[in-house]
Amino acid sequence: MGDLATAIDHLADEDPSELPFNLIAEQLIDLHWQMARLQAEIGRRTCLRGSYN
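Everything numeric in this text was worked out from a predicted model, so none of it was measured.

Caption draft 1: Representation of the side chain of Gln 27 within the structure. Within the secondary structure layout, Gln 27 lies in helix H2 (residues 21-46). Taking relative accessible area as the criterion, Gln 27 reaches 14% and is therefore assigned buried.

What follows is the structure, given as C-alpha cells:
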C-alpha cells in the first residue's frame, strides 16, 4: 500500500501541463495496476473474492 500512496503523492506534486503525454499515460497505467493489486489483496484478506474453480 505504500507504493500506491507514493505514486499518488508523486502525481499530486507534478504539474500535468509540464509533462509529456506519454509520461502521464505511463504513470496512470502504473497507478491503475497498483490499485488493482491493492483491491486483490483486500479481497484475499477479507475473503470477499469467490472461488472460480
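Caption draft 2: Highlighting the packing of helix H1 (residues 2-13) against H2. Where H1 contacts H2, the two axes come as close as 10 Å, and the packing angle between them is 150°. Classified by the angle their axes make, H1 and H2 are roughly antiparallel. For the crossing formed where H1 meets H2, the hand is left-handed. Seen from H1, the contacting residues are Asp 3, Leu 4, Ala 7, Ile 8, His 10 and Leu 11; seen from H2, they are Gln 27, Leu 31, Gln 34, Met 35 and Leu 38. Residues belonging to the contact of H1 with H2 are distributed by class as follows: seven nonpolar, three polar and one charged.

Rules used throughout
Residues numbered from 1 in each chain as written. Predicted model: local features only at pLDDT ≥ 70, side-chain atom pairs only at ≥ 80, totals over all residues. Heavy atoms only, no water. Helix = DSSP H or I, 4+ residues; strand = E, 2+ residues; numbered from the N terminus. Buried < 20%, exposed > 50% of the residue type's maximum accessible area, 1.4 Å probe, protein only. Axes fitted to C-alpha atoms, helices over the stretch in contact; angles between N-to-C directions. Parallel < 35°, antiparallel > 145°, perpendicular 65-115°, else oblique. Left-handed = near helix turned anticlockwise from the far one by under 90°. Contact = heavy atoms within 4.5 Å. Nonpolar A, V, L, I, M, F, W, Y, C, P; charged D, E, K, R; others polar.

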